[in-house]
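Topology and contacts: notes
This is what each chain is made of:
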Amino acid sequence: MAVITQHRLPGLVLKDHLFDLPLRHAKPNDRRIEVFAREAVALEHEHAELPWLVFFQGGPGSGSPRPMGRTGWLGAALKKFRVLLLDQRGTARSSRIDATSLAIEGTPEAQADYLACFRADAIVEDAEAIRRELCGDLPWTILGQSFGGFCALNYLSFHPAGLKGVIITGGIPPIGVAIDDIYRATYQRVIDRNAEFYRRYPGDAQRVREVVDYLQANKVYLPGGAHLTPAVLQLLGLDFGFSDGFETVHYLLEEAFITGPEGPTLSHNFLHGIDMRLPFETSPLFSLLHEALYCEGTASGWSADRVRQEFPMFDAGNAEQQPVLFTGEMIYPWMFEVFPRLAPLAAAADLLANRTEWPALYCEHALAANKVPTVAAVYANDMFVERRFSEAVVARVPNIRMWLTSEYEHNGLRADGEGRVFSRLLDMLEGQA
């Protein structure tokens with residue numbers, strides 16, 4: 001481990017750590033990768049012996065938050081903890097993966113084998129190695145948001161001795177549920193969110209149909225180079241799972257058209273806005289490994305694409321389908337054709353979708369004997385994580401206290417500027433310890 005830099009914000013001390021870790025922890029003398037983490041501590045606690053709290057980001061494929069100050073959940077956590085913001089392997093400053101870096105691996109087969117080392121199990125092994133460097137034998141507390149909660153259940157399965165407590169927000173994984181059933185439930189939740197969106201903004205139904213009609217009659221490209229098809233437009237529904245998602249899409253649609261010499265055309269602001277809302281090229285691990293995060297010994301087989309055929313109401317090309325439905329957190333094989341920065345990864349993505357050699361991510365026997373105090377916020381209307389699957393896991397894992405709330409959406413931890421979500425869960429955890 002090396003502390004590579006240190007700097008200060010008002011009331012906040014930040015230290016950047018870089019760890020040299022095995023690509024495959026079962027082969028520690030084989031290939032190595034770099035894993036970056038940023039330590040944050042309140043200025044008044046700079047030299048205090050505080051317990052550690054490690055943050056596991058959602059995704060997969062997103063780096064940890066970059067602190068702007070002592071606000072939100074981080075500000076609340078800094079009152080009691082020294083916080084470690086972990087860039088999970090393959091993201092941000094941790095041996096980042098994209099088309100450029102993957103080209104070093106060579107063949108699609110080599111790329112797929114490399115990418116298979118970047119799921120929750122490997123992320124947790126990294127965290128355990130870092131814990132031993134920073135804490136020795138002392139356990140620490142972890143906070144997992146969304147996919148970070150999936151990492152937390154893996155941690156509870158295989159390294160519970162390393163944990164003093166666990167906090168999860170919107171991320172109880174659907175353990176033991178077939179991937180196709182996961183996506184069937186997801187599509188139904190997305191249908192419900194579409195209905196809610198159009199109830200709030202009924203005039204947008206006509207506007208979206210007009211945009212789809214224009215795209216069917218004209219070849220349009222986004223500023224980043226992607227071919228804007230009706231199916232790409234539908235991907236904006238990913239925002240429907242967040243607290244401000246309906247407004248984000250509605251205000252974007254307001255600027256869809258502008259009149260030029262040849263009549264109405266799609267505006268640059270609209271096209272640029274779509275580019276900014278779609279994370280698939282900037283977080284390529286999300287596109288490459290999203291379905292794989294559900295796989296244990298079976299292939300996903302492009303589950304979201306296959307299951308979509310059971311829901312013909314998502315066919316935007318059918319003019320009789322009113323209104324046009326947006327999709328959600330789904331990855332489709334055609335995305336690796338229309339997004340130019342994903343195109344070089346298409347063959348590796350297909351190999352991953354058909355891969356069966358996925359190790360177990362959870363140990364139900366270990367979870368059934370869980371003794372680590374754990375608390376979880378389950379969002380009643382979560383578009384990304386099926387509530388009934390979360391409740392089923394909580395029912396069979398002891399020492400998990402669940403807070404079911406309809407006050408927040410999936411991004412409640414990030415959107416809560418006052419840090420109330422974190423503070424309530426920490427109170428629950430301390431009450432359980």
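Structure: see above.
Residues numbered from 1 in each chain as written. Predicted model: local features only at pLDDT ≥ 70, side-chain atom pairs only at ≥ 80, totals over all residues. Heavy atoms only, no water.

With respect to the packing of aromatic side chains
Basically, it comes down to this: Two rings belonging to Phe, Tyr or Trp (six-membered ring only in the last case) form a pair when the distance between their centres is within 6.5 Å. Interplanar angles under 30 degrees mark stacking, angles over 60 mark edge-to-face geometry, and anything in between is tilted. We call a charge positioned over a ring when the NZ of a Lys or the CZ of an Arg lies within 6 Å of the ring centre and within 35 degrees of the ring normal.
Within this structure, the stated rule accounts for 23 aromatic pairs. Chaining the aromatic ring pairs together yields one cluster made of Phe197, Tyr198, Tyr201, Phe240, Phe246 and Phe326. One Lys or Arg, Arg89, reaches over the ring of Phe118 and ends 5.5 Å from the middle of that ring. In this arrangement the basic side chain of Arg355 is found over the ring face of Trp358, its NZ or CZ atom lying 5.5 Å from the centre.

Things to note about the pattern of salt bridges
The test is simple: Here a salt bridge means any side-chain nitrogen of Lys or Arg lying within 4 Å of a carboxyl oxygen belonging to Asp or Glu. The helix and strand labels rest on DSSP assignments: H or I over at least four residues marks a helix, E over at least two residues marks a strand, and numbering proceeds from the N terminus. Relative accessibility decides the category of a residue: with a 1.4 Å probe and only protein chains considered, values under 20% of the type maximum give buried, values over 50% give exposed, and everything between is partly exposed.
All told, the structure shown has 28 salt bridges when counted by the stated rule. Put simply, Glu430 and Lys80 hold a salt bridge, and the shortest N to O gap is 3.1 Å. Residue Glu430 is found in helix H18 (residues 420–432), and its partner Lys80 is found in the loop between helix H1 (72–77) and strand E5 (82–86); the two are separated by 350 residues along the sequence. Taking relative accessible area as the criterion, Lys80 reaches 39% and is therefore assigned partly exposed. Ionic pairing is found between Asp126 and Arg89, a salt bridge with its closest N-O pair at 2.7 Å. Here Asp126 is found in helix H4 (residues 120–135), whereas its partner Arg89 is found in the loop between E5 and helix H2 (99–102), with 37 residues between them in sequence. Residue Asp126 is classed as buried on the basis of its relative accessible area, which comes to 1%.

A word on helix H5 (residues 147–158)
Residues lying three or four places apart along an α-helix face the same way, a consequence of the helix completing one turn every 3.6 residues. To be explicit about the condition: To estimate how far a helix should reach, multiply one less than its number of residues by 1.5 Å. The contact definition used throughout considers only heavy atoms, calling two residues in contact when any of these lie within 4.5 Å.
For H5, with 12 residues, the first-to-last C-alpha span of 17 Å sits near the 16 Å given by 1.5 Å per residue. With 11 of 12 residues buried, H5 is to be regarded as a mostly interior element. Of the surrounding elements, those touching the buried residues of H5 are strand E4 (52–56), H4, strand E6 (140–145), strand E7 (163–169), helix H15 (364–368) and strand E10 (374–379).

Quick notes on the environment of Tyr201
We apply this condition: Contacts described as polar in this section are N or O atom pairs within 3.5 Å, which, within protein, must combine one atom able to donate a hydrogen with one able to accept it, while residues neighboring in sequence count only if both atoms come from side chains.
Mapped onto the elements of the fold, Tyr201 is located in the loop between helix H6 (179–200) and helix H7 (204–217). On the basis of relative accessibility, which here comes to 16%, the residue Tyr201 falls in the buried class. Taking the C-alpha atoms as reference, Tyr201 lies 36 Å from Arg70; in sequence the two are 131 residues apart. Once residues within four sequence positions are removed from consideration, Tyr201 is found in contact with Phe246, Glu247 and His250. Separated by 2.7 Å, the side chains of Tyr201 and Glu247 make a polar contact.

Here's the deal with the nonpolar core
Here is the rule we go by: Remark: nonpolar core denotes a set of buried residues (Ala, Val, Leu, Ile, Met, Phe, Trp, Tyr, Cys) joined through side-chain atoms within 4.5 Å.
Within the largest apolar cluster, 124 residues are counted, with the highest numbers of intra-cluster contacts made by Trp140, Leu228, Leu233, Phe270, Phe280 and Phe339. Here this core takes 9 residues from H6, the largest share from any one element. For Phe280, the contacting residues outside a window of four places in its chain are Leu235, Leu238, Phe286, Ser287, Ile331, Met335, Phe339 and Leu342. Leu12, Phe81, Val83 and Tyr408 belong to the second largest nonpolar core, which has 28 residues in total.

What about helix H10 (residues 268–277)?
Stated precisely, the cut-off is as follows: Taking the helix axis as origin, the arc is that swept by the directions to the C-beta atoms.
Among all positions of H10, only Phe270, Leu271, Gly273 and Ile274 are buried. Mapping the buried residues of H10 onto a view down its axis gives an arc of 160 degrees, with all of them on the same face. Within H10, the exposed residues directed more than 90 degrees away from the buried face are His268 and Met276. In this structure, the buried residues of H10 make contact with H7, helix H8 (230–234), helix H9 (245–254) and strand E9 (263–266).

With respect to the packing of H7 against H9
Stated formally: The convention used is that axes are lines fitted to C-alpha atoms, helices contributing only their stretch in contact, and that angles between N-to-C directions extend from 0 to 180 degrees. Just so you know how the angles are binned, under 35 degrees is roughly parallel, over 145 roughly antiparallel, 65 to 115 roughly perpendicular, and the rest oblique. A clockwise turn of the near helix away from the far one marks a right-handed crossing, whereas an anticlockwise turn of less than a right angle marks a left-handed crossing. Amino acids outside the nonpolar list (Ala, Val, Leu, Ile, Met, Phe, Trp, Tyr, Cys, Pro) and the charged list (Asp, Glu, Lys, Arg) are all regarded as polar, and Gly is one of them.
The N-to-C vectors of H7 and H9 enclose an angle of 60 degrees; their axes lie 10 Å apart at closest approach. Between H7 and H9, the crossing angle belongs to the class labelled oblique. In the packing of H7 onto H9, the handedness of the crossing is left-handed. Contacts between H7 and H9 involve Asp204, Arg207 and Val208 from the first element and His250, Leu253 and Glu254 from the second. For the contact of H7 with H9, a count of residues per class yields 2 nonpolar, 1 polar and 3 charged.

Quick look at the pairing of E6
Applicable threshold: At least two bridges found by DSSP between two strands is the condition for calling them paired.
With respect to burial, E6 is a largely interior element, 6 of its 6 residues being buried. Of the two faces of E6, the one holding Trp140, Ile142 and Gly144 and the one holding Thr141, Leu143 and Gln145 are both buried throughout. Pairing of E4 with E6 involves 4 bridges; the strand directions are parallel. Among the inter-strand pairings, Phe55 is bridged to a residue of E6, identified as Leu143. Here 6 bridges tie E6 to E7, and the two strands are oriented parallel to one another. Within E7, the position partnered with Trp140 by the bridge is Leu163.

Observations concerning the pairing of E9
Regular strands have side chains that alternate between both faces of the sheet. Summarising the sheet, strand E8 (residues 257–260) and E9 pair through 4 bridges and their orientation is antiparallel. Bridge pairing in E9 links Thr259 to Pro264. Hairpin geometry of E8 and E9 is characterised by an intervening segment of 2 residues between the two adjacent antiparallel strands.

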